[in-house]
Amino acid sequence: MTKNELKQWVASLPKVELHLHIEGSLEPELMMALADKHQIALPYANIEEVKQAYNFEDLQSFLDLYYFGASVLKDEDDFYQLMWNYLLKCKEDNVVHVEIMFDPQTHTERGIGFDVFMQGFKRAMQQAEQEWGQSCLLIMSFLRHLTEQSAIQTLESAKPYLNDIIAVGLDSAELGNPPEKFTQVFEMAKELGLKRVAHAGEEGPADYVWGALKALDVHRIDHGVRSIEDPKLIEFLIQSQHPLTVCPLSNTKLKVFSHMQEHNVLQLLDLGLMATINADDPSYFGGYLNDNFFAIIDHLPIQKHQLHQLVINSFNASFMPAEQKRKWLEKIDSY
Ligand code: ADE
Ligand code: ZN
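Source: prediction; values computed, not measured. Just so you know, the residues in each chain are numbered from 1, in the order the chain's sequence is written. Note on labels: chains are lettered from A, ligands numbered from 1, in written order. Totals for whole chains, interfaces and linings use all residues, but because this is a predicted model, local features are given only for residues with pLDDT of at least 70 and pairs of side-chain atoms are given and counted only at 80 or more. Side-chain calculation: all heavy atoms of the structure are included, whereas hydrogens and water are not.

## Examining the site of ligand 1
As a matter of local geometry, ligand 1 sits amid His21, Leu59, Phe62, Leu63, Tyr66, Asp171, Ser172, His199, Glu202, His223, Asp280 and Asp281. A distance of 3.3 Å separates a nitrogen atom of ligand 1 from a polar side-chain atom of His21. Polar contacts, as used here, are pairs of N or O atoms within 3.5 Å; protein pairs need one atom able to donate a hydrogen and one able to accept it. Residues neighboring in sequence count only if both atoms are side-chain atoms. Here a nitrogen atom of ligand 1 sits 2.8 Å away from a polar atom, N or O, in the main chain of Ser172. Summarising the interface, the protein chains cover 100% of the accessible area of ligand 1, which totals 260 Å² for the free molecule. Ranked by the residues each element gives to the shell around ligand 1, the list is headed by helix 4 (residues 59-70), at 4 residues. Note on definitions. A residue lies near a molecule or strand when any single heavy atom of the residue is within 4 Å of it. Note on areas: Shrake-Rupley, 1.4 Å probe, and residue coverage restricted to the protein chains presented here. Numbered from the N terminus, helices here are DSSP runs of H or I no shorter than four residues, and strands are runs of E no shorter than two.

## A short note on the sheet that holds strand 7 (residues 244-246)
Judged by pairing direction, the sheet is parallel, and its 8 strands sit side by side in the order 1-2-3-4-5-6-7-8 without closing on themselves. Because the sheet does not close on itself, it has two edges, and the strands there are strand 1 (15-21) and strand 8 (275-277). Going across the sheet, the axis of each strand differs from the next one's by a mean of 25°, ignoring polarity. Two strands make a pair as long as DSSP finds a minimum of two bridges between them. Sheet topology note: the strand 7/strand 8 ladder contains 3 bridges and is parallel. When the bridges of strand 8 are listed, Thr245 appears paired with Thr276. Two residues qualify as a contact provided that any one of their heavy atoms is within 4.5 Å of a heavy atom in the partner residue. To get an axis, a line is fitted to the C-alpha atoms, and for a helix only the part in contact is used. The angle between two axes follows their N-to-C directions and goes from 0 to 180 degrees. Along the sheet, helix 15 (residues 289-299) makes contact with strand 1, strand 2 (95-102) and strand 8, crossing strand 1 at roughly 100°.

## Re the state of the cysteines
Working definition: a disulfide is two cysteine sulfur atoms within 2.5 Å of each other. According to the stated counting rule, one finds 0 disulfides in the structure shown. Free cysteine Cys247: the closest other cysteine sulfur is in Cys90, separated by 14 Å. Each residue is placed in one exposure class: buried if its accessible area under a 1.4 Å probe, protein chains only, is under 20% of its type's maximum, exposed if it is over 50%, and partly exposed if it falls in between. You can call Cys247 buried: its relative accessible area is 0%.

## Some words on the coordination of the zinc ion (ligand 2)
Listed donors are limited to N, O and S atoms within 2.8 Å of the metal, widened to 3.2 Å for Na, K and Ca; water is not among them, so incomplete-looking sites are possible. His19 (NE2), His21 (NE2), His199 (NE2) and Asp280 (OD) make up the full set of protein donors to the zinc ion (ligand 2), lying at 2.0 to 2.2 Å. Geometry assignment treats four donors as tetrahedral when all angles are between 85 and 135 degrees, treats four as square planar and six as octahedral when opposite donors are over 155 degrees apart and all others between 65 and 115, and treats everything else as irregular. Bound by 4 donor atoms, the zinc ion (ligand 2) shows angles of 83 to 174° at the metal and therefore irregular coordination geometry. Under the relative-accessibility criterion, His21 is labelled buried at 3%.

## As for the pairing of strand 2
Burial analysis of strand 2 places 8 of its 8 residues in the buried class, the great majority of the element. Bridge count between strand 1 and strand 2: 5 bridges; the pairing is parallel. Each bridged residue has a counterpart across the sheet, and for Leu20 the counterpart in strand 2 is Ile100. Relative to strand 3 (residues 135-143), strand 2 runs parallel, the two being bridged by 6 bridges. Bridging from a neighbouring strand, Met101 pairs with Ile139 of strand 3.

## Points about the packing of aromatic side chains
Note on ring pairs: Phe, Tyr and Trp rings are taken, using the six-membered ring of Trp, and paired if centres are within 6.5 Å. Classes follow the plane angle, with under 30 degrees stacked, over 60 edge-to-face and the rest tilted. The full count for this structure, using the stated rule, is 22 aromatic pairs. Where Phe62 meets Tyr284, the ring centres are 5.4 Å apart and the plane angle is 75°; that geometry is what we call edge-to-face. Of this pair, Phe62 sits in helix 4 while Tyr284 is found in helix 14 (residues 282-285), placing the two residues 222 residues apart along the sequence. Both residues of the pair, Phe62 and Tyr284, count as buried. Pairing Phe62 with Phe285 gives two aromatic rings, centres 4.8 Å apart and planes at 50°, and the pair type is tilted. You can see Phe62 sitting in helix 4 and its partner Phe285 sitting in helix 14, a full 223 residues away along the chain. Phe62 sits in the buried class, given a relative accessible area of 3%. Every member of this aromatic cluster is reached through a ring pair, and the members are Tyr54, Phe56, Phe62, Tyr66, Tyr67, Tyr284 and Phe285.

## Some details on the packing of helix 15 against helix 16 (residues 304-317)
Relative orientation of the contacting elements helix 15 and helix 16 amounts to 150°, with a least axis distance of 12 Å. One finds that helix 15 runs roughly antiparallel with respect to helix 16. Handedness of the crossing formed by helix 15 with helix 16: right-handed. Mapping the contact onto sequence places Phe293, Ile296 and Ile297 in helix 15 and Leu307, Leu310 and Val311 in helix 16. Note on residue classes: Ala, Val, Leu, Ile, Met, Phe, Trp, Tyr, Cys and Pro are nonpolar, Asp, Glu, Lys and Arg are charged, and everything else, Gly too, is polar. Across the contact of helix 15 with helix 16, the residue classes break down as 6 nonpolar, no polar and no charged. Our angle categories are set so that under 35 degrees counts as roughly parallel, over 145 as roughly antiparallel, 65 to 115 as roughly perpendicular, and the remainder as oblique. Left-handed describes a crossing whose near helix is turned anticlockwise from the far helix by less than a right angle; the clockwise case is right-handed.

Written as C-alpha cells, this is what we have:
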C-alpha cells in the first residue's frame, strides 16, 4: 500500500481517542469569538497571530498559552460550543468513541463552577449521541502544579457529577511534580469507584511512570514515551499491558522528540507495549486524530498491520463496556 492508500484506509476505520484535553481543542476562531462576546482583550490582532504564537519550546511554554486561552470560556454555552466543535471533528475523523479530559481547576480558580461547565459538556455530548450515536466518556484531570489539597477539594466539588465522570487524571507541568504528590487523592478517587490515568514520562523521567503505576494505581499512562529509558519498566509494561496514550504531533511540537522521524511509537509497539495514537491538544499542535496517524505514516516506516494494531489497542485500552468493545472489534476485523 502507498502512504496515501494507508492514510485513506486509516481514515475510514472506526477509531477511539483516549487522550484529548477539551480545553486543547479550542480553535483560534472560537477563542476570538468568545473574547469578543465577553469583552476580553487578547494580545492577538487576528487568527493568524494566534497561530503564530503556537511555537513552543517545551511543555511549560505551551501550558502558559493553553491556560490563557481557556480564560475566554465563561458561560455554559461556551463550554457547550467547545465540546460540540470537538465532537463534530470526531464525526469527521470516524472517532466512534472518545474519553475526553477536562481540567476543572482551570475554571473553578476563575470562579466558574461545575454546574456551568458540566451542563455545557453534557448538552453537547447528549446531542452528538442522539444525532449520530457518538460515544463519549469524561475524565476529570487534576493540575499537578497545584497542591494535593486543591485536588481533594476538586474531587469533593465533583461528587454530585460522578455519574458523568469515568476516571480521574493528572496533567500540567510534569517536572518537579511527581505522581506520589497525589497518592491520597487518587486513593480517594479509587474508593469512589473512579478509574485512574496519569500523564507520566512525557517530559518527566521513567521513574514518574513507575510512580503513576505504583502510587496512583493507574489503568493507563498518558504519553509514557520516556519509559524506553528504563529496560525494567519496558519489561513490566510488556507484561502488564498497561496502555500508553501516545500523542505524536504533541511530542514533536513540545520538543520531546526533535523530529517525527525520531518518534519511538513504532519501537514501543514492536516491543509489544500497548501503544495507542491520540491528539492531546489538537488546536495547539496542528491536528486531530487522523492528522496524527497521517504524520506517523509520512515519517515512520509504518505498515498496515501496525496501524491496525494501534487502532485495535485503542478499543482494548478504552473504558467502554465489554459488549460495545466486542462489537466494534468484530467490525474492525472485517476491514
Ligand atoms: N495539559 C494539556 N496538555 C498537556 C500535556 N501534553 N501534558 C501535560 N499537561 C497537559
Ligand atoms: Zn495530555
